[in-house]
Amino acid sequence: MKKRYLVTAALPYANGPLHIGHLAGAYLPSDIYVRYLRLMGREVVFVCGSDEHGAAITVKARKEGTTPRAIVDKYHEMLKDTFEKIGISFDIYHRTSALIHHQTSQDFFRTLNANGEFVEETTEQYYDETVGQFLADRYIVGTCPVCANPDAYGDQCERCGSTLSPNDLIEPRSMLSGSAPVKRPTKHWFLRLDKHENWLREWINTGKVDGKTLHDPAAWKNHVLGQCNSWLDQGLQPRAMTRDLDWGVDVPPEIPGSEGKKLYVWLDAPIGYISATKQWAIDHNKNWEPYWKDEDTALIHFIGKDNIVFHCLIFPAILKAHGGFILPVNVPANQFLNLEGRKLSTSKNWAVWVHEYCAEFAGQEDVLRYNMVKKMPEQADSEFTWKGFQETNNNELVNNLANFVNRVMVLTHKYYDGLVPVVDTERAFKSGWEADKAGQYNEELALLHAKLNEMGAQVERFNFREALQLAMEISGAGNALLQFNEPWKTVKDDPETVKVVMNLAVQYVAVLSVALRPFLPFSAARLRSMLNLPALEEAGDLLDMLNELVEGNPVVQPRHTLGAPAHLFSRIPDEVIQAQIDKLKATEQAQASDEGATVNFTPVKDTIQFDDFAKIDIRTGTILSAEKVAKSKKLLKLSVDLGFETRTILSGIAEHFSPEEVVGKEVVVLANLAPRVMMGTESQGMILLAEDAEGKLGFVSPESGWQAGMSVG
Ligand SMILES: [Zn+2]
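Draft legend 1. Fine view of the overall build of the chain. A count of helical and extended segments in the chain gives 21 helices and 30 strands. In terms of principal-axis extent, the alpha carbons of the chain reach across some 100 × 75 × 50 Å. Buried residues in the chain amount to 43% of all 713 residues. Contacts spanning at least 24 positions in sequence make up 71% of the contacts within the chain whose residues lie at least 6 apart.

Draft legend 2. The domain arrangement of the chain, seen in detail. Partitioning the chain into domains gives domain 1 (4-106 + 264-338), domain 2 (113-244), domain 3 (386-550) and domain 4 (610-712). Just the C-alpha atoms count here: the centres of domain 2 and domain 4 sit 35 Å apart.

Draft legend 3. Looking closely at helix α16 (residues 495-515). Spanning 21 residues, α16 covers 30 Å between terminal C-alpha atoms, matching the ideal 30 Å at 1.5 Å per step. In terms of burial, α16 is a largely internal element, 19 of the 21 residues being buried.

Draft legend 4. Region of the structure containing the sheet that holds strand β6 (residues 140-143). With antiparallel pairing, the three strands of this open sheet are ordered in space as β7-β6-β8. A single partner strand is all that each edge strand has here, and the edge strands are β7 (152-153) and β8 (170-174). Pairing of β6 with β7, which is carried by two bridges, proceeds in the antiparallel orientation. Bridged to Gly142 within β7 is Ala152.

Draft legend 5. Summary view of the sheet that holds strand β18 (residues 382-384). As summarised here, the arrangement of the three strands in space is β17-β16-β18, forming an open sheet in which the pairing is mixed. At either end of the open sheet lies a strand with only one pairing partner, and these are β17 (342-343) and β18. With two bridges connecting them, strand β16 (residues 337-339) and β17 associate as antiparallel partners. Within β17, the residue paired with Asn338 across the bridge is Lys343.

Draft legend 6. A look at the environment of His413. As for its placement among the helices and strands, His413 is situated in helix α12 (residues 386-416). Once the C-alpha coordinates of His413 and Gly207 are considered, the two residues, 206 residues apart in sequence, prove to be 56 Å apart.

Draft legend 7. Quick look at helix α6 (residues 222-234). A rise of 1.5 Å per residue sets the reference length of α6, with its 13 residues, at 18 Å; its end C-alpha atoms lie 18 Å apart and thus fit the reference within 8%. For α6, the set of buried residues is Val224, Cys228 and Trp231. Along the axis of α6, the buried residues cluster in a sector spanning 60°; they form a single face. With respect to the buried face of α6, the exposed residues turned more than 90 degrees away are Asn222, Gly226, Ser230, Asp233 and Gln234. Taken from the residues just after α6, Gly235 is the one with a positive phi, measuring 85°.

Draft legend 8. Representation of the packing of helix α13 (residues 441-460) against helix α18 (residues 541-550) within the structure. The geometry of α13 relative to α18 is characterised by a closest axis approach of 8 Å and an angle of 145° between their N-to-C directions. For the pair α13 and α18, the crossing hand works out as left-handed. In this structure, α13 contributes Leu445, Leu448, His449 and Leu452 to the contact, and α18 contributes Leu546, Leu549 and Val550. A breakdown of the residues in the contact of α13 with α18 according to their chemical character gives six nonpolar, one polar and no charged.

Draft legend 9. Layout of unusual backbone geometry. Even without a glycine there, the phi angle at Asn349 is positive, about 60°. By the C-beta count within 10 Å, which is 15 here, Asn349 ends up partly exposed. The phi dihedral of Met679 is positive, around 50°, even though this residue is not glycine. Note on placement: Met679 falls in the loop between β25 (676-678) and β26 (681-683).

Draft legend 10. Quick peek at the nonpolar core. The biggest cluster of nonpolar side chains holds 170 residues, and the ones touching the most others in it are Val7, Leu23, Ala471, Ala505, Val509, Val511 and Ala515. For this core, the element with the most residues is α16, which contributes 14 residues. Beyond its immediate sequence surroundings of up to four residues, Leu23 is in contact with Leu18, Leu28, Ile86, Val354 and Met372. With 17 residues, the next largest nonpolar core counts Ala626, Ile653, Phe657 and Val662 among its residues.

Draft legend 11. Quick peek at the pairing of strand β2 (residues 43-50). Summarising burial for β2: seven of the eight residues are buried, a large majority. Sheet analysis places strand β1 (residues 4-9) next to β2, joined by five bridges and oriented parallel. Its bridge partner being in β2, Val7 is matched across the sheet by Phe46. Handedness of the β1-helix α1 (residues 20-39)-β2 crossover: right-handed.

Draft legend 12. A look at the environment of Leu481. With respect to the secondary-structure elements, Leu481 resides in helix α14 (residues 464-485). Along the backbone, Leu481 and Ile271 are 210 residues apart, and their C-alpha atoms lie at a distance of 52 Å. In contact with Leu481, other than residues within four places in its own chain, are Gly432, Val501, Leu504 and Ala505.

Conventions we followed
- Residues numbered from 1 in each chain as written.
- Predicted model: local features only at pLDDT ≥ 70, side-chain atom pairs only at ≥ 80, totals over all residues.
- Helix = DSSP H or I, 4+ residues; strand = E, 2+ residues; numbered from the N terminus.
- Buried ≥ 20, exposed ≤ 12 C-beta atoms within 10 Å, placed from the backbone.
- Contact = placed C-beta atoms within 7 Å.
- Domains from an automatic or database assignment.
- Expected span 1.5 Å × (residues − 1).
- Pairing = 2+ DSSP bridges.
- Arc of directions from axis to C-beta.
- Axes fitted to C-alpha atoms, helices over the stretch in contact; angles between N-to-C directions.
- Left-handed = near helix turned anticlockwise from the far one by under 90°.
- Nonpolar A, V, L, I, M, F, W, Y, C, P; charged D, E, K, R; others polar.
- Core = buried A, V, L, I, M, F, W, Y, C linked by C-beta atoms within 7 Å.
- Right-handed = clockwise from strand over helix to strand, strands pointing away.

If you want it as structure tokens, here you go:
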């Protein structure tokens, strides 16, 4: 076990509010983990902050007709407030526009530069002559070469999710002026990632650097290792660490050629974890350095899967290239959460916004947290639905947890005026852990101890779904304890046994008030107050409880007076859920009508007779191979299997599809078209394609699995 922990959660981008995908991806898992560590008495600092640089901020400012500063101020406050409301317990929520962050990032740049980690290179970048500036990737839009989305960005297509570079875009245009950009030379600093490839490969896969074991790769998630290795297998290339932008951290001014250059946002953002730690240390009169430089610190980055390469390869390379810094012992990235069958999307407003949830479901923050853990995309993508949200609340939080707690509170007040009964610990009763199992007081305490240990082990392995399940089993066993012993029937005839059962039930609730704290902090606090126990300090509280239980000591003493029963969870009615579903449906419809408005249909041609149609022979086929035709921009030469023979067909699709993309495609072919020679090759048929009014093409394909050569008609 390490002496101390530094836990980071991905810096959210300060250009929009937080949605449930962010919550389930990085913030809730990190919060659960950190709260657990604190409950176990470990030394931990939990840092996060707003990522306030990069072109997406300036794009947003332009869209809203305001300044980048106004955008980051607005969203920084909003994000900070939302995190507090949903109970994410950062030790500091910092921001990258802070002076200390600019200084820290510039110092990093200086050191990397002095260490010869950069290569300066002049490249051709898109430049908008109308407004007189270089265009960041986000400022260039054009047609996606993969899915033909006409509004893909220079770094990514939001429709198909492909990662792009501006050079990939077909017919690029500037978002600033709408004009076609031109290429101009510009100098940038490229980090020599290629130099770091070998040790990164060894570190990722064996945990070793220079023969020293720094982490256990078996503890890393498979999909994280897989993504890292697929990057490493492609070979790491030098990557530009500067940009031509007017918003961000300046390249240190004393470095020649730095004028007008800013640090790449992915260089400065992870350094934000360091500057946040520095600010935390200043605020608390501590030293930040052991958290980043002492090998007895466990550094853990919680992120979503879209950030894996930056946290597992690029940032570690930067830390090692700088020297003197530790590397993360784990990067437990989560996969993606989907919403009602679709990808969550900020730009399409397909989301459950956390600040809206907190306003509409005030007092029920833990219901969302519980659902997010249940649906946490730990190993694979998962899905949130409002119906599932309602069912989980009603069946698990209300019927299991709240019901158990309420019965214990009400019965203890009814039978003993709220005093925890004194018991004969040798007296037998029925255990709640399985049907027909004889219970024994000290053994029940030992079972609770074992369950808490199991839960802790799962948290330490980042299996939060499993850990919550184990905690909820305590509530289930408590319910069964009451159900099997039926104190309401036996309290008159067998009061001594009922005392044991009720005393134990109180111990169960007390154990839950600590065990649930990482997952449901608000409810755990309510439980403490119902039990009239001191509020948790998250300073070794769970460890203390484990030490009592292992000694066979109860956690609530006999004759302790309970507080008043209070509300924990209540059923969520259908109309509340329907209102949320309607809200999403309205979003969907608004979008469909937006998209519908832009569709232009080409007019239908003159009517023909059936005999005209009957002359046409259309067949199913499969493209076997494809190659570009020399000197032709438009034509691909295809070899097409028609079952009974293989044809050579020239198709005017080269500007829309690459040869690799079309091989294997099942297509529909006009088979009796007169052969035609083009560019010296005879084309023996025509591939049928759909075309929209803008000239975007798509294949017409038979249902998968149709044999080649079948007639279509
Ligand atoms: Zn696309």
